[in-house]
Amino acid sequence: MSDNTVPDNGKTDVVLVGAGIMSATLGALLRLLQPDWSITLVERLDAAAAESSDPWNNAGTGHSALCELNYTPQKPDGTIDIAKAVNVNEQFQVTRQFWTYAHENGILPDVRSFLNPIPHVSFVHGAEHIDYLRRRRDTLVRNPLFATMEFIDGADEFARRLPLMAKGRDFSEPVALNWTQDGTDVDFGSLTRQLLGYGTERGMTTLFGHDVRGLHKESDGSWTVKIANRRTGQKRKLSAKFVFVGAGGGALPLLQKAGIAEAKGYGGFPVSGQWLRTGNAELAAAHQAKVYGMPPLGAPPMSVPHLDTRVINGRSWLLFGPFAGWSPKFLKEGKVTDLPLSVKPNNLASMIGVGLTEMSLLKYLIGQLALSEADRVDTLREFAPVQRIPTGSWTSPASGCR
Ligand SMILES: Cc1cc2nc3c(=O)[nH]c(=O)nc-3n(C[C@H](O)[C@H](O)[C@H](O)COP(=O)(O)OP(=O)(O)OC[C@H]3O[C@@H](n4cnc5c(N)ncnc54)[C@H](O)[C@@H]3O)c2cc1C
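Residues numbered from 1 in each chain as written. Predicted model: local features only at pLDDT ≥ 70, side-chain atom pairs only at ≥ 80, totals over all residues. Heavy atoms only, no water.

### Observations concerning the site of the ligand
Step number 1: Near the ligand lie 34 residues; those nearest to it are M22, E43, S53, T61 and V212.
Step number 2: Contact distances for the ligand include 2.8 Å between a nitrogen atom and a backbone N or O atom of T61.
Step number 3: Here a nitrogen atom of the ligand and a backbone polar atom of V212 are 2.9 Å apart.
Step number 4: Considered on its own, the ligand offers 1,000 Å² of accessible surface; in the complex 88% of this is hidden by protein.
Step number 5: Contributing elements (two or more residues each) for the shell around the ligand: helix 1 (21-33), strand 9 (210-217), strand 12 (271-278) and strand 16 (395-401).
Step number 6: Residue contributions to the shell around the ligand peak at three residues, all from strand 9. (Near = heavy atom within 4 Å. Polar contact = N/O pair within 3.5 Å; in protein donor to acceptor, adjacent residues only side chain to side chain. Areas by Shrake-Rupley, 256 points an atom, 1.4 Å probe, with all protein chains shown as cover. Helix = DSSP H or I, 4+ residues; strand = E, 2+ residues; numbered from the N terminus.)

Written out as structure tokens, the structure reads:
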């Protein structure tokens, strides 16, 4: 067997499905912990990180619960529940420890290409929300993970830190911020490629342009993985001790095919996120932060509006969104049959149940789908109320499925 081919008998210790951040991370970890295991990664597209892990398909927030207000809800008694924020932040610290170790050991040689410091900020307006934000900061700051968080409610300080958001703003409506200086912007695409590079340099086989079409558990506990070359149509089988389904939106159909009990009852409802973005240097220079607002009523947590600095290929951009989109595809490069084919007798009841109980989500989605380009720019004005947004500054080509 050469370094980058599967042996003729198709045997491999591990199959990783998908070349996104999940498989890339696990592949690198396995290379470190079990260097003698053979690993085969199968990706249906011709490139790594081309779905959700692509930097244009997510906001690149190193989720550390510094700015996302949905992680710190107010309890009925008026106190702030920070349990989720602490848990999320602790997980991010573990991630940072892994990246530090990986950098020091040559696994991630180019940290600046995927990790950049950027303040994480929560933004509210109106007296009631400002009161919440003040109490949120007072509660969080007692935990060492959030000790540096500041509360800012003065117009001058607001304008000094966030010039783009201050320009043209009517400060007679009070606004406030929770500001944490040591947040991060993460380019998951670059990170994925470096982790995969480490794996492939050490013998991991990568099959791009290959679809995983079936998964079957044999009586001896091994897995038969059916794959097809999307260019030639050639089909073959792999036999693996372990399979990791890091297929993002493609995971549900594969888990259903595997017939495992854990997949029963699960359904998928493909809501995508779309963004406005600009590479206008003047606008990008006037906003150096990730600023998260309050979630709209009925909106899922991932739809909280935010205006983000993104650093991609060494250049600063601004991203604003996400706006919810909908299609029956589970992946950007998926098929319109993804959703209908995922409906099975074992998940029909749970899917109908969600449809009946999540009316506010449905209303929110319909409202989002009805938004025109001009409506989207109006939403942006809540964050950046400049009198005139330069024509052509903001476009909306970026999107991702979740
Ligand atoms: C709008 C939006 C905003 C987000 N913002 C953030 C954020 O700010 N911070 C954050 O941490 N996360 C964010 N996320 C989430 C994050 O992007 C995803 O959780 C992460 O990228 C998922 O990685 P993955 O490897 O699981 O999937 P993916 O990156 O989607 O990779 C899955 C891969 O599997 C392949 N595949 C699928 N089916 C098959 C098959 N049958 N055979 C072979 N290959 C297959 C696909 O082609 C794809 O390359 C956001 C996501 C969205 C949509």
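Back to the text.
### Things to note about helix 1
Step number 1: Here helix 1 spans 18 Å end to end across 13 residues, near enough to the 18 Å set by a 1.5 Å rise per residue.
Step number 2: For helix 1, the set of buried residues is I21, S23, A24, G27, A28, L30 and R31.
Step number 3: On its buried side, helix 1 packs onto strand 1 (11-17), strand 2 (39-42), helix 6 (188-201) and strand 11 (235-245). (Expected span 1.5 Å × (residues − 1). Buried < 20%, exposed > 50% of the residue type's maximum accessible area, 1.4 Å probe, protein only. Contact = heavy atoms within 4.5 Å.)

### Some thoughts on the side chain of D13
Step number 1: Its location among the elements puts D13 in strand 1.
Step number 2: Residue D13 is classed as buried on the basis of its relative accessible area of 13%.
Step number 3: In this structure the side chain of D13 is engaged in a polar contact, spanning 2.8 Å, whose partner is the backbone nitrogen of S38.
Step number 4: At 2.8 Å, the side chain of D13 and the side chain of K241 are in polar contact.

### Topic: the sheet that holds strand 11
Step number 1: Spatial strand order, 8-2-1-11-10-9: six strands in an open sheet with mixed pairing. Every interior strand has two partners, whereas the edge strands, strand 8 (205-207) and strand 9, have only one. Neighbouring strand axes in the sheet, compared pairwise and without regard to direction, differ in orientation by 40° on average.
Step number 2: Two elements, strand 1 and strand 2, share four bridges in a ladder whose sense is parallel. When the bridges of strand 2 are listed, V15 appears paired with T40. (Pairing = 2+ DSSP bridges. Axes fitted to C-alpha atoms, helices over the stretch in contact; angles between N-to-C directions.)

### Overview of the side chain of H287
Step number 1: Summarising the element assignment, H287 is placed in the loop between helix 8 (281-285) and strand 13 (290-292).
Step number 2: Taking relative accessible area as the criterion, H287 reaches 0% and is therefore assigned buried.
Step number 3: Those residues in contact with H287 that sit more than four places away from it in its chain are L162, L164, M165, L307, T309 and L318.

### Concerning the packing of aromatic side chains
Step number 1: All chains considered together, the criterion is met by 10 aromatic pairs.
Step number 2: Ring geometry for W37 and F242: centres 5.3 Å apart, planes at 20°, overall stacked. Residue W37 is found in the loop between helix 1 and strand 2, and its partner F242 is found in strand 11; the two are separated by 205 residues along the sequence.
Step number 3: The class for W37 is partly exposed, based on a relative accessible area of 23%.
Step number 4: An angle of 85° between the planes, with centres 6.0 Å apart, marks the rings of F92 and W99 as edge-to-face. Here F92 and W99 have matching classes, each one buried.
Step number 5: Within the aromatic cluster, the residues linked to one another by ring pairs are F123, F158, F171, F320, F323 and F383.
Step number 6: We note R277 situated over the ring of W56; from NZ or CZ to the ring centre the distance is 3.9 Å.
Step number 7: Looking at R277, its charged tip hangs above the ring of W317, at a distance of 5.2 Å from the centre. (Phe/Tyr/Trp six-rings, centres within 6.5 Å; stacked < 30°, edge-to-face > 60°. Lys NZ or Arg CZ within 6 Å of the ring centre and 35° of its normal.)

### A word on helix 11 (residues 359-369)
Step number 1: Listed as buried for helix 11 are Y364, L365 and Q368. End-on, the buried residues of helix 11 take up no more than an arc of 100°, which puts them together on one face. Residues of helix 11 that are exposed and point over 90 degrees away from its buried face: K363 and I366.
Step number 2: Check the buried side of helix 11 and you find it contacts strand 12 and strand 15 (315-326). (Arc of directions from axis to C-beta.)

### Some remarks on a nonpolar patch on the surface
Step number 1: The grouping of F269, W326, M359, L362, I366 and L369 at the surface amounts to a nonpolar patch, some 590 Å² of accessible area in total.
Step number 2: Counting through the fold element by element, I366 comes out in helix 11. (Patch = residues over 30% accessible without salt bridge, like charges linked within 9 Å, V, L, I, M, F, W, Y side chains within 5 Å. Salt bridge = Lys/Arg side-chain N within 4 Å of Asp/Glu carboxyl O.)

### Overview of unusual backbone geometry
Step number 1: Omega for the peptide link from G321 to P322 comes to -5°, which places this bond in the cis form.
Step number 2: By secondary structure assignment, the location of P322 is in strand 15.
Step number 3: Even without a glycine there, the phi angle at A65 is positive, about 60°.
Step number 4: With respect to the helices and strands, A65 occurs in the loop between strand 2 and helix 2 (83-104).
Step number 5: Looking at A65, the relative accessible area reads 0%, which means it is buried.

The values are spatial; any link to function lies outside them.
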